[in-house]
Protein chains: 2
Amino acid sequence: MTGVLEILGKRVREKREELGLSQEALADVCSFDRTYVSLIERGKRNISLVNLVRIAIGLNTSVSQLTEGIEDGSYPKR
Amino acid sequence: MTGVLEILGKRVREKREELGLSQEALADVCSFDRTYVSLIERGKRNISLVNLVRIAIGLNTSVSQLTEGIEDGSYPKR
DNA sequence: GTGTGACTACAAGTCCGTG
DNA sequence: CCACGGACTTGTAGTCACA
């Protein structure tokens, strides 16, 4: 019963490493702080939709791909 | 360029009306305030991922469906 | 039944640093 | 190169009275 944020973070990390980017490099592309990318990947931040789009673009993917199947068995704990 | 929030709001409204729900009824299902649903549908709120999941569940759909193709601002696209 | 502005509390996000 | 922390500013969450 992993939370949605952990699932997303895991996918972001996978995608990022596929592209051979460091957290800093990704942060640079998305104009995020380097520590923020770290927080997202570890599921520590409840990312907003517009930032989700920025990340998706930086990873050369789409929001719907990043969030595919994310609601199954993982209702947010608020 | 139409913002991603407007696109999302439009889809939420479409889905909601398809189900024959009022904003109040949807808000009830998602445990949101009635006015918050209104804000989302009008694209006035940069909704977070966990709330996106709640809305998706309340609408009997998925986050990835709601966010399909929103990153390039090309809404209808077919 | 819905749109809107305003409001407060707290999370998001930045910037400095450390091991 | 990354995890993590402290201190800080910006913005969202969530709600209300009223249009």
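Just so you know, these numbers come straight off a predicted model, no measurement behind them.

1. Some thoughts on the overall build of chain A
The helix and strand tally for chain A stands at five helices and zero strands. Ordered by position from the N terminus, the helices and strands of chain A form the series α-α-α-α-α. Put simply, chain A has 78 residues, and 49% of those count as buried. When contacts within chain A are restricted to residue pairs at least 6 apart in sequence, those whose partners lie at least 24 apart make up 58%. Within the structure as shown, chain A displays about 4200 Å² of accessible surface, and the carbon and sulfur contribution to it stands at 44%.

2. Topic: unusual backbone geometry
Despite not being glycine, Ser 31 of chain A shows a phi value in the positive range, around 60 degrees. By the secondary structure assignment, Ser 31 of chain A is in the loop between helix H2 (23-30) and helix H3 (34-41). Phi is positive for Asn 60 of chain B, which is not a glycine, with a value near 60 degrees. Relative to the helices and strands, Asn 60 of chain B is located in the loop between helix H4 (49-58) and helix H5 (63-66).

3. Some thoughts on the protein's contact with DNA strand C
Among the 19 residues in the neighbourhood of DNA strand C, the closest are listed as Tyr 36, Asn 46 and Asn 51 of chain A together with Gln 23 and Arg 42 of chain B. The sugar-phosphate portion of DNA strand C accounts for 62% of its atoms within 4 Å of the protein, the bases making up the rest. Taking Asn 46 of chain A, its main chain carries an N or O atom lying 2.8 Å from a phosphate oxygen of DNA strand C. Of all the secondary structure elements, the ones that give two or more residues to the surface near DNA strand C are H3 of chain A together with helix H1 (4-18), helix H2 (23-30) and helix H3 (34-41) of chain B.

4. Remarks on the confidence of the model for chain A
All names here are of chain A. Summary statistics for chain A give a mean pLDDT of 90 and a share of 90% for residues scoring 70 or more. Within chain A, the lowest mean pLDDT, 94, falls on helix H5 (residues 63-66), and the highest, 98, falls on H3. Confidence drops under a pLDDT of 50 for residues 73-78, and excluding neighbours within four residues, the segment shows 11 contacts in the predicted structure.

5. Some remarks on the relation of the copies chain B and chain A
A rotation about an axis combined with a shift along that same axis relates the two copies of the chain. The transform that puts chain B on chain A rotates by 180 degrees and translates by 0.0 Å along the axis, for an RMSD of 0.1 Å. Taken together, these values place the two copies in the relation of a two-fold axis. Mapped onto chain A, 90% of the interface residues of chain B again fall at the interface, so both copies present the same surface.

6. Re the nonpolar core
One broad rule of soluble globular proteins: the nonpolar side chains tend to lie buried together. With 45 residues, the main nonpolar core has Leu 8, Ile 47, Leu 49 and Ile 55 of chain A together with Leu 8, Ile 47 and Ile 55 of chain B as its most contacted residues. Top element by residues in this core is H4 of chain B. It accounts for six residues. Not counting chain neighbours up to four residues away, the residues in contact with Leu 8 of chain A comprise Ile 40, Ile 47, Leu 52, Leu 66, Thr 67 and Ile 70 of chain A together with Leu 49 of chain B.

7. With respect to the packing of aromatic side chains
Residue and element names in this part refer to chain A. With the rule as written, the count across this model stands at two aromatic pairs over all chains. Where Phe 32 meets Tyr 36, the ring centres are 5.2 Å apart and the plane angle is 65 degrees; that geometry is what we call edge-to-face. Taken individually, Phe 32 and Tyr 36 each receive the classification buried, so the pair is uniform in this respect.

8. As for H2 of chain A
Residues and elements named next belong to chain A. What H2 keeps buried is the set Leu 26, Ala 27 and Cys 30. All buried residues of H2 fall inside an arc of 100 degrees around its axis, so they share one side. Turned more than 90 degrees away from the buried face of H2, the exposed residues are Glu 24, Asp 28 and Val 29. Turning to H2, the residues buried within the fold contact helix H1 (4-18), H3 and helix H4 (49-58). Looking one or two places after H2, you find Ser 31, whose phi comes out positive at around 60 degrees.

9. A short note on the environment of Glu 24 of chain A
Residue and element names in this part refer to chain A. For Glu 24, the position within the fold is in helix H2. For Glu 24, a relative accessible area of 51% corresponds to the exposed category. Residues Glu 24 and Arg 13, spaced 11 residues apart in sequence, show a C-alpha to C-alpha distance of 12 Å.

Rules used throughout
- Every chain is numbered independently, its residues counted from 1 as its sequence is written.
- Naming scheme: in the order in which they are written, chains are lettered from A and ligands are numbered from 1.
- Predicted model: local features are reported for residues with pLDDT of at least 70 only, side-chain atom pairs are reported and counted for 80 or more only, and whole-chain, interface and lining totals are derived from all residues.
- Just so you know, side-chain values use all the structure's heavy atoms and leave hydrogens and water out.
- Only runs of H or I of at least four residues qualify as helices and only runs of E of at least two qualify as strands under DSSP, and these elements are numbered from the N terminus.
- Buried residues are those whose accessible area, probed at 1.4 Å on protein chains only, stays under 20% of the maximum for their type, while exposed residues exceed 50% and partly exposed ones sit between those limits.
- Two residues qualify as a contact provided that any one of their heavy atoms is within 4.5 Å of a heavy atom in the partner residue.
- Using a 1.4 Å probe, the Shrake-Rupley method yields the accessible areas, and only the shown protein chains count as cover for residues.
- Note on definitions. A residue lies near a molecule or strand when any single heavy atom of the residue is within 4 Å of it.
- Polar contact is the term for a pair of N or O atoms within 3.5 Å; when the atoms are in protein, one must be able to donate a hydrogen and the other to accept it, and sequence-neighboring residues count only if both atoms are side-chain atoms.
- Confidence of the predictor at the level of single residues is given by pLDDT, which spans 0 to 100.
- A residue counts toward the fit only if its pLDDT is at least 70 in both copies, and the copies are then superposed by least squares on the C-alpha atoms of those residues.
- For the purposes of this section, nonpolar cores are sets of buried Ala, Val, Leu, Ile, Met, Phe, Trp, Tyr and Cys residues that join through side-chain atoms within 4.5 Å.
- Planes of paired rings set the category: under 30 degrees apart is stacked, over 60 is edge-to-face and the rest tilted, where pairs are Phe, Tyr or Trp rings (Trp by its six-membered ring) whose centres lie within 6.5 Å.
- Of all possible arcs, the one meant is that of the directions from the helix axis to the C-beta atoms.

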